[in-house]
Protein chains: 2
Amino acid sequence: MVKSLAVERAGSSAIRDLLEITERPGVVSLAGGLPNPATFPVEALARASAAALAEDPLVALQYGPTEGYRPLRRWVADRVGPGAGGPTTEEQVLVTSGSQQALELLTRALVDPGGLVALADPAYVGALQAFRAAGAELAAIPADADGMRVDVLADRLAAGERPALVYVVANFDNPSGSTLSRERRHALAQLADRYGFWIVDDDPYGELRWNGTAPVALRTLTDRTITLGSTSKVLAPGLRVGWAVAPLEVRRSMAILKQSADLHTSALTQQVVHRTLAEPGFLDQHLATLRTTYRAQADHLVGALHQVLGDRLAVARPDGGMFLWAALLDPTADTAALLAPAVEQGVAFVPGAAFGVEQLHPTRLRLSFATADPAGLDLAVARLAGVIPVP
Amino acid sequence: MVKSLAVERAGSSAIRDLLEITERPGVVSLAGGLPNPATFPVEALARASAAALAEDPLVALQYGPTEGYRPLRRWVADRVGPGAGGPTTEEQVLVTSGSQQALELLTRALVDPGGLVALADPAYVGALQAFRAAGAELAAIPADADGMRVDVLADRLAAGERPALVYVVANFDNPSGSTLSRERRHALAQLADRYGFWIVDDDPYGELRWNGTAPVALRTLTDRTITLGSTSKVLAPGLRVGWAVAPLEVRRSMAILKQSADLHTSALTQQVVHRTLAEPGFLDQHLATLRTTYRAQADHLVGALHQVLGDRLAVARPDGGMFLWAALLDPTADTAALLAPAVEQGVAFVPGAAFGVEQLHPTRLRLSFATADPAGLDLAVARLAGVIPVP
């Protein structure tokens, strides 16, 4: 027996195979959520790595605590700032092997098989996988340009549904790009306090805002929030360093599971990350560069789509993040069926169906503006024009 | 609800609290399986890290494949050599965040909750945690100086027990230090073929042999073997790079679970490990240094124990590995009760009960000779003399 229940649940979709074809050579990919590699702070990371191995090699190379490298935990606690219950302490921080691991650990810590997780439909594929692998049942809540329809969630709670946790990407959602509105954040926090569920606020994109200001953070509204962060979009994903900031009891349960999952996250990469983030002036300057770069790429892609495909596709100009959630104007279009011909033309995207919880989102496609430079984006749009139907 | 079933199962022992006290300042610890930090190849790792970020930063810093960095997978396949079914291919290798992660992924891939895992009693604490967190039932098989009593396993199989997997540390077991004999390896492989269970051969210590030659590897006897390897004892544990070498169908199932567990292991540390291991001449020379160091430390500790505590404690001279599995000669001794007074005296060990599956091993203690240098080992033995009872 090679396919356990866990494997069946986690691997129950054909998405993986679908996405593998987007990595063919010669394909301009708008599919993955890959940062533009030109933004990687290679020199800062090389300095940090050299310093870690020269100045503190025994901490970088020996076994370390499951909860994480203490200076990094302290940095995270300071950065996320106070929550609803007062100051955030480093004890509330668990460093994880990317925020994907935090997602999996907290699901296993908070949801027994058969338990309910509520989330917007469409939703991040990695979250769907983690929830399904844990045997969770999914409650799909509709969403619009202001994020999850919290009023619909409220109705379903009133009708008796009892999720153990509610998952949101409140800032620049993946895939929809939407930001949960201020009003909905307040409403969601009140529901959490009233019904006793946990809010998971998965926040890899919050720092990538170049327009407007973020609505109030969920964690300042209720102490039933677990906030996930990551260095993948801010430094580099290959480091695999993320974190959860959670109430102590939740953080402790997650650490128990992390101990048997991988003992601890690489002490070397944790120290490299901490030294880089703590270098005076580095982060502000680097975030400014990222925002400028991604804003330019987003504007470029939206402009090209409007110009070349404006009669076939609707797309909004984002204030941050990495993704456009484009809608084909032909109501009979099926983006899942368009992917193979698109890859033939040398361009890739992720069809809406990949993110479907209950809905298939057949006219939707997720386009990442983060990976390719303007020339690549132009090429991608020209190639898309060969496959996107005229309504 | 913060304690899910998974947390309850994984955290069901008091061992964690017990072991935390062994980390008090001023305590000479023979408790953890920590390598002597003087053996860390800091300069080679610093060279590899600098080269990775200078020569191949986009691979070190971008998202990578879940299965692992291909050159490292190839190196592992070459290193472990051919298995029962012929040459080992890189496709059979999954790079993991330490071999602890491999253990957890394969358990979840192969054992449904309620499924049976057979293992020697005593057993490695991290394995017990991973099995219990997955909801496995444990079949404790007695063991002696030649490892698991495979004849007892055979009887239990004949009586109808059907483990999904059988876990062994065939080379220099943790905690017992025993090596599974040649005859038992053949017998175990035959049982696997006959009854269709998987053998997990967890092998972090096999390279640390300074005396004699290893018996035939299990994976050359049956293709129902999954071999786990690690850089933790050979390079440095803080890197968190390990691997599983498994039949393709098992490797694929593990990769599906790894994708939702952490996407992939740090691309930077994988490249650092590969560049270090592949540096011409490095590994042979480094292994020679490790063997010389650990042999000297083992001989020193055994000598000191014989000299100071020979009338109170029995211990065998090891041919490799990291651990002594000492037996107190007072049959009424309880090593779990001796730990707190020992820590008061400034010395720590792991009591036998920590490794118990069904048995409590009350007269046993695991002593690591790997961490401390000879002066530290002398100090530890002198302090142990203050608490070990005279029979």
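See above for the structure.
In this report, we go over the structure that sits alongside the text. (Residues numbered from 1 in each chain as written. Chains lettered and ligands numbered in written order. Predicted model: local features only at pLDDT ≥ 70, side-chain atom pairs only at ≥ 80, totals over all residues. Heavy atoms only, no water.)

Some points on helix α6 (residues 99–110) of chain A
Taking 1.5 Å as the rise per residue, α6(A) with 12 residues should run 16 Å; its terminal C-alpha atoms sit 16 Å apart, in good agreement. For α6(A), a buried count of 12 out of 12 residues is recorded, marking the element as mostly surrounded by other parts of the structure. (Helix = DSSP H or I, 4+ residues; strand = E, 2+ residues; numbered from the N terminus. Expected span 1.5 Å × (residues − 1). Buried < 20%, exposed > 50% of the residue type's maximum accessible area, 1.4 Å probe, protein only.)

Some details on the interface of chain A and chain B
Of the residues lining the interface, 61 residues belong to chain A; the matching set on chain B comes to 61 residues. Here chain A meets chain B over a buried area of about 5500 Å², counting both sides, of which 61% is carbon and sulfur. Here chain A is connected to chain B by 2 salt bridges. A salt bridge links R108(B) to E104(A); the shortest N-O distance between them is 3.3 Å. Taken together, the links from chain A to chain B amount to 29 residue pairs in polar contact (both at pLDDT 80 or more). Within the residue set of the side of chain A that touches chain B, elements represented by two or more residues are α1 (5–10), α3 (42–55), α4 (57–61), α6, α7 (125–133), α10 (248–262) and α11 (267–278) of chain A. A per-element tally of the side of chain A that touches chain B places α10(A) first, with 9 residues. (Contact = heavy atoms within 4.5 Å. Buried area = accessible area lost by both parts, 1.4 Å probe. Salt bridge = Lys/Arg side-chain N within 4 Å of Asp/Glu carboxyl O. Polar contact = N/O pair within 3.5 Å; in protein donor to acceptor, adjacent residues only side chain to side chain.)

Section: the pairing of strand β3 (residues 116–121) of chain A
Residue and element names in this part refer to chain A. Counting buried positions along β3 gives 6 out of 6 residues, so the element sits mostly inside the fold. Relative to strand β4 (residues 137–144), β3 runs parallel, the two sharing 6 bridges. Across the sheet, the residue bridging to V117 is L138, located in β4. Each parallel crossover has a hand, and for β3 linked through α7 to β4 it is right-handed. (Pairing = 2+ DSSP bridges. Right-handed = clockwise from strand over helix to strand, strands pointing away.)

Regarding the relation of the copies chain A and chain B
Note on the copies: chain A fits chain B at an RMSD of 0.0 Å, the axial shift is 0.0 Å, and the rotation between them is 180°. Those values place the two copies in the arrangement expected of a two-fold rotation axis. Of the residues that chain A buries at the interface, 100% are likewise interface residues in chain B, meaning the two copies contact each other through the same surface. (Least-squares fit on C-alpha atoms with pLDDT ≥ 70 in both.)

As for the packing of α3(A) against α11(A)
Residue and element names in this part refer to chain A. Across the interface, α3 lies against α11 with an axial gap of 8 Å and an inter-helix angle of 120°. With respect to α11, the axis of α3 lies oblique. In the packing of α3 onto α11, the handedness of the crossing is right-handed. Along the contact surface, α3 presents A44, L45, A48, S49, A51, A52, L53 and E55, while α11 presents L268, Q271, V272, R275 and T276. Across the contact of α3 with α11, the residue classes break down as 8 nonpolar, 3 polar and 2 charged. (Axes fitted to C-alpha atoms, helices over the stretch in contact; angles between N-to-C directions. Parallel < 35°, antiparallel > 145°, perpendicular 65-115°, else oblique. Left-handed = near helix turned anticlockwise from the far one by under 90°. Nonpolar A, V, L, I, M, F, W, Y, C, P; charged D, E, K, R; others polar.)

Examining the pattern of salt bridges
A full pass over the atoms with the stated rule returns 39 salt bridges over all chains. A salt bridge links E55(B) to R275(B), with the shortest nitrogen-to-oxygen separation between them at 2.9 Å. Highlighted residues: E55(B) in helix α3 (residues 42–55) and R275(B) in helix α11 (residues 267–278), separated in sequence by 220 residues. Residue E91(B) is joined to R251(B) by a salt bridge in which the shortest nitrogen-to-oxygen separation is 3.5 Å. Here the residue E91(B) occupies a position in the loop between α5 (70–80) and β2 (93–96), and R251(B) occupies one in helix α10 (residues 248–262), the gap between them amounting to 160 residues. A relative accessible area of 31% places E91(B) in the partly exposed class. Of the residues examined, R251(B) reaches a relative accessible area of 5% and is grouped as buried. Taken together, the shared-partner salt bridges in this structure form one network comprising E67(A), R70(A), R73(A), R74(A), E90(A), E91(A) and R251(A).

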